Amino acid sequence: MGKQGPMRIHIDGDTYFLAMTGAGVSAESGIPTFRGEGGLWENHSFEKLASPEGFESDPALVWRFYSHRRRVARECRPNAGHHALAALERRLGERFLLVTQNVDGLHRDAGSERLVELHGNLFTSRCADCARAPFEDRAVFGNGAPRCEECGGRLRPHIVWFGERLNAEHFEQIEAFLGRARRGRLVFLAAGTSGVVFPAAGLVDVARQFGAETWLVNVDPPENAHRFEHFVQGRSGEELPRLL
Ligand code: OAD
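As a starting point, this report considers the structure included with it. The model shown is predicted, which means the values in this text are computed figures rather than measured ones. Residue positions within a chain follow its written sequence, with the count starting from 1. Restriction of local features to residues with pLDDT of at least 70 applies here, the model being predicted, together with a cutoff of 80 or more for giving and counting side-chain atom pairs; totals for whole chains, interfaces and linings are based on all residues. For the side-chain quantities, the full set of heavy atoms in the structure was used; hydrogens and water were omitted.

Things to note about the overall build of the protein chain
Helix and strand definitions here come from DSSP, where helices need a minimum of 4 consecutive H or I residues and strands a minimum of 2 consecutive E residues; each element is numbered from the N-terminal end. Check the secondary structure of the protein chain and you find nine helices and 12 strands. For 244 residues, the compact-globule formula gives about 18 Å, and the C-alpha radius of gyration of the protein chain, at 18 Å, lands near that figure. When each of the 244 residues of the protein chain is scored for burial, the buried share is 51%. Intrachain contacts of the protein chain at a sequence separation of at least 6 include 68% that bridge at least 24 residues. Approximately 11500 Å² of the protein chain is accessible, and the part contributed by carbon and sulfur atoms is 48%. Computed over 30 positive and 32 negative side-chain charges, the separation of the two mean positions in the protein chain equals 2 Å. We compute the radius of gyration over the C-alpha atoms and compare it with the globule rule, which gives 2.2 Å times the number of residues raised to the power 0.38. The buried label applies to any residue whose accessible area, calculated with a 1.4 Å probe on protein chains only, is under 20% of its type's maximum; exposed applies above 50%, and partly exposed to all values in between. Working rule for contacts: check all heavy atoms of both residues, and any pair within 4.5 Å makes them a contact. Throughout, the Shrake-Rupley method with a 1.4 Å probe supplies accessible areas, and for residues the shown protein chains are the sole cover considered. Here the positive residues are Lys and Arg and the negative ones are Asp and Glu; neither His nor the chain ends is included. We put the charge of a Lys on NZ, of an Arg on CZ, of an Asp on CG and of a Glu on CD.

Shown next, in the form of structure tokens:
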């Protein structure tokens, strides 16, 4: 288990900062986490809804679930944790990268630009059947599933589901950043994530191989807390502004 760290992370002109966020960072904005209360939706397990198999067997149900999530996220605003990370990016520029597992778009709303949305984006759809590029889509559906206007095929949320591969370009972006960080001192910070979904949960190990000082901010100790040097227990909306 990591120890309770000092209350501020040392960041100077030599620091490269890699951040990784999960659902906990958006909790204070009003978006339910996956593995806390509300891990089930209408009695369906999240793993079943967010999977290619779930979509095959009942696309209308999957769209009802993602419509619900779009409705919730549309009403939410970034919180102080999102803003603290955006402010740090403004300060560090190219020496900053934010990798998020969240699909809610709140980091971008807060002003984050050097952002890797590892699991996709809730307000983007794509055609499951043709090569049309993913497109912005804020629509919600009560019954049935939408069809592609170009080929008549099935539209789906542009989300990385269970059993699907992450975007290879995202790994390249992260690796390139870690390569550049060799010039300075690397800090890795994870916040609001239960550390059970890989490969995101393994990023701390990669960062350590690159010599990173590692920090974790979470309301309770998650699965992979022992992999971090510093563990700060608390809500990200309170702790991130203080730490950064
Ligand atoms: P989880 O729901 O698994 O974990 C959220 C973590 O945040 C838990 O450890 C909570 O204790 C913590 N937490 C809750 N409120 C917090 C707060 N205010 N401040 C700090 N921490 C808080 O969410 P993720 O780890 O993001 O994948 O889940 C990973 C992936 O699993 C998701 O991206 C999603 C899901 O399946 C896909 O959609 C592909």
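Let's pick the thread back up.
Comments concerning the site of the ligand
Residue proximity to a molecule or strand is established when one non-hydrogen atom of the residue lies within 4 Å of it. In the neighbourhood of the ligand, 23 residues make up the surrounding shell, with Arg35, His119, Thr193, Ser194 and Asp220 lying closest. Here a polar contact means two N or O atoms within 3.5 Å. Within protein one must be a hydrogen donor candidate and the other an acceptor candidate, and residues neighboring in sequence count only if both atoms are side-chain atoms. Within the backbone of Gly192, one N or O atom sits 3.3 Å away from an oxygen atom of the ligand. At a separation of 3.4 Å, a nitrogen atom of the ligand approaches a polar backbone atom of Val219. Considered on its own, the ligand offers 800 Å² of accessible surface; in the complex 92% of this is hidden by protein. Looking at the shell around the ligand, its residues break down into eight nonpolar, 11 polar and four charged. For this scheme, ten residues count as nonpolar: Ala, Val, Leu, Ile, Met, Phe, Trp, Tyr, Cys and Pro. Four count as charged, namely Asp, Glu, Lys and Arg, and the remainder, Gly too, count as polar.

Regarding the nonpolar core
For this analysis, a nonpolar core means a set of buried residues of the types Ala, Val, Leu, Ile, Met, Phe, Trp, Tyr and Cys, connected via side-chain atoms within 4.5 Å. By size, the foremost hydrophobic cluster in this structure holds 24 residues, and its most contacted members are Leu18, Met20, Val99, Leu118, Leu186 and Phe188. Put simply, the parts of the chain that give this core at least two residues each are strand S2 (15–21), strand S5 (96–100), helix H7 (168–181), strand S10 (185–191) and helix H8 (203–209). Here this core gets four residues from one element, more than from any other, and that element is H7. Core analysis: the next-biggest nonpolar cluster, separate from the first, contains 22 residues, Leu49, Phe55, Trp63 and Val103 among them.

Overview of H7
Helix length check: H7 (14 residues) gives 20 Å between terminal C-alpha atoms against 20 Å at 1.5 Å per residue, within 8%. You can read the cap of H7 off the contacts: a side-chain oxygen lies 2.9 Å from the backbone nitrogen of Glu169, and it is on Asn167. How far a helix is expected to stretch is found by multiplying one less than its residue total by 1.5 Å.

Describing the environment of Phe162
Of note, Phe162 is situated in the loop between strand S9 (155–159) and H7. Overall, Phe162 belongs to the partly exposed group, its relative accessible area being 30%. Here the alpha-carbon distance between Phe162 and Ser26, two residues 136 residues apart in the chain, equals 21 Å. Excluding its chain neighbours within four sequence positions, the residues that come into contact with Phe162 are Arg35, Phe46, Glu47, Ala50, Ser51 and Pro52.

Structural notes on unusual backbone geometry
Here Phe198 and Pro199 are connected by a cis peptide whose omega angle stands at 5°. Topologically, Pro199 is positioned in the loop between S10 and H8.

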